[in-house]
Amino acid sequence: DGGGAFPEGFLWGASSAAHQIEGGNVASDFWELEHTPGGPFAEPSGDACDSYHRWREDVGLLADLGLTSYRFSLDWSRIEPEEGAFSRAALDHYRRMVEGCLQRGVSPVVTLQHITVPRWFRRSGWWTGPEAADRFARFTEAVLPVVSEGVGWVCTINEPNFAATLEYDLAPGSAPPGPAVPAPETVEAFVTAHRRSVEVLRSVPGLSAGWTVCAVDYQPVGDAGKAVDEWARLRQDVFLEAARGDDFVGVQVYTRELIGPDGRLPVPDGAETTQIGWEYYPEAVAGAVRHAAEITGGTPIMVTENGVATADDTRRAEYVTRALRALRSVMDEGADVRGYFHWSLLDNFEWLLGYAPAFGLIAVDRSTFRRTVKPSARVYGDIARTGHLPD
Ligand code: GCO
């Protein structure tokens, strides 16, 4: 159509994750790790954005911007704080969230598990424990009432590849030499748990199930064609391959990395970097989506996370506009992309780095929890509302 228009029904969303915004996730493994002296966390998550109580306001702000979808996650540790003991109150909470989204005309996209797990699950072997897949399948069954009415899209496990390598940082000393790569047993454990969860979700008519993969636009430098293939294969393709045949795959991408014949190269001299040291490179989404389409063999794609950590909100406005332009062009090449979710709705708890990095479309005052919509959110909202990029 030449006007840079996005298809009818394209989902325009923002993403969040329970532990990063809810506050008081005391039964999760991270809560414990965050309070372990000498650990790698800059600060504990604490009250986060108090979104467990303020979610209606958050969904309202998202809807007011003109966005049509909210991707949030369940906190498994609230729902199943002890093995096999399910909290009716927590399930009710998430069911109300789904209803609340629908009432505001917002399609909920629900992630079942986003990085953190219940303490008992970590104690009993984490994802590589002997019963992990059974446990996750049982949890998936328990949350069917939450996702059975009006939820079109469910992400089972979020970024297994990031979760696997984060483990090396959580247990200092256990890292293998060189840049961390998920161990084959870990890959297999995640894939098995995902498969079991998808089987359970198949009982819900009209629900699309998939998982989300942490993607980087890996670009070869010099004679590194082979090296870059191997680099991507170990870190992301093994997880993308598992999405073949799923209803969709979530691609989560923030930046590119340059790969030389001997591995990762530093960010080029003079390149702009973000608050967390990644290169500012909005076009990464195109490379990552193109690659995912190739590896999954045409599984529909949802960009479930894309964004930038910056204190300068004008850089975010530019980032989201350029990223969407790049996404539009890769869709013109034929990639089947169903939606775009900006990371993140709110400034939030960025894992080991705490609250310093600002990824949000909306700022959150750390002492009053007051929300302030940033100008970049309106820039994004205008694109979402019109389905057109600015000239
Ligand atoms: C994930 C991501 C998010 C991060 C974001 C920025 O696991 O989905 O790690 O939780 O906050 O990618 O680093």
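Bear in mind the structure is a predicted one, so any value in this text is a computation, not a measurement.

### As for the overall build of the chain
- Secondary structure summary: the chain contains 14 helices and 11 strands in total.
- Relative to its length of 391 residues, the chain is compact, with a C-alpha radius of gyration of 20 Å against a globular reference of 21 Å.
- Viewed in the frame of its principal axes, the chain has a C-alpha envelope of about 50 × 50 × 45 Å.
- Expressed as a percentage of the 391 residues in the chain, the buried residues total 47%.
- Partitioning the contacts of the chain with sequence separation of at least 6, the portion at a separation of at least 24 is 80%.

### Points about helix H7 (residues 132–142)
- For H7, every residue scored as buried is listed here: Ala-132, Arg-135, Phe-136, Ala-137, Phe-139 and Thr-140.
- Packed against the buried residues of H7 are helix H4 (76–79), strand S3 (107–113), helix H6 (119–123) and helix H10 (184–201).

### Points about the nonpolar core
- Counting residues in hydrophobic clusters, the biggest one holds 110 residues, and the most contacted among them are Val-251, Val-285, Val-289, Ala-292, Ile-301, Val-303 and Leu-327.
- Per element, the largest residue contribution to this core is 8 residues, and it comes from helix H12 (residues 284–296).

### Focus: helix H5 (residues 88–103)
- Here H5 contains 16 residues, and its C-alpha end-to-end distance of 22 Å stays within 8% of the 22 Å for a straight helix at 1.5 Å per residue.
- Those residues of H5 that sit buried are Ala-90, Tyr-94, Met-97, Val-98 and Cys-101. Buried residues of H5, viewed axially, fall in a sector of 95°; they line one side. Those residues of H5 that are exposed and aimed more than 90 degrees away from the buried face are Arg-88, Ala-89, Asp-92 and Gln-103.
- Its buried side turned inward, H5 meets helix H3 (51–65), strand S2 (69–73), H4, S3 and helix H8 (144–147).
- Gly-105 sits one or two residues past H5 and shows a positive phi near 75°.

### Here we look at unusual backbone geometry
- Backbone torsion omega between Trp-343 and Ser-344 reads 10°, so that peptide bond is classified as cis.
- Here Ser-344 lies in the loop between strand S9 (337–343) and strand S10 (362–364).
- One non-glycine residue, Trp-126, lies in the positive phi region at around 55°.
- With respect to the helices, strands and loops of the structure, Trp-126 is situated in the loop between H6 and H7.
- On the basis of neighbour counts, which here come to 15 C-beta atoms within 10 Å, the residue Trp-126 falls in the partly exposed class.

### Topic: the packing of H12 against helix H13 (residues 313–332)
- Relative to each other, H12 and H13 sit at 30°, their axes nearing to 7 Å. Between H12 and H13, the angle falls in the class roughly parallel. As for the relative orientation of H12 and H13, their crossing is right-handed in sense. Note on element contacts: H13 touches H12 through Ala-323, Ala-326, Leu-327, Ser-329 and Val-330, opposite Val-285, Ala-286, Val-289 and Arg-290.
- For the contact of H12 with H13, the residue count by class is 7 nonpolar, 1 polar and 1 charged.

Calculation notes
Residues numbered from 1 in each chain as written. Predicted model: local features only at pLDDT ≥ 70, side-chain atom pairs only at ≥ 80, totals over all residues. Helix = DSSP H or I, 4+ residues; strand = E, 2+ residues; numbered from the N terminus. Rg over C-alpha atoms; globule rule 2.2 N^0.38 Å. Buried ≥ 20, exposed ≤ 12 C-beta atoms within 10 Å, placed from the backbone. Contact = placed C-beta atoms within 7 Å. Core = buried A, V, L, I, M, F, W, Y, C linked by C-beta atoms within 7 Å. Expected span 1.5 Å × (residues − 1). Arc of directions from axis to C-beta. Axes fitted to C-alpha atoms, helices over the stretch in contact; angles between N-to-C directions. Parallel < 35°, antiparallel > 145°, perpendicular 65-115°, else oblique. Left-handed = near helix turned anticlockwise from the far one by under 90°. Nonpolar A, V, L, I, M, F, W, Y, C, P; charged D, E, K, R; others polar.

Taken by themselves, the reported measurements are silent on function.
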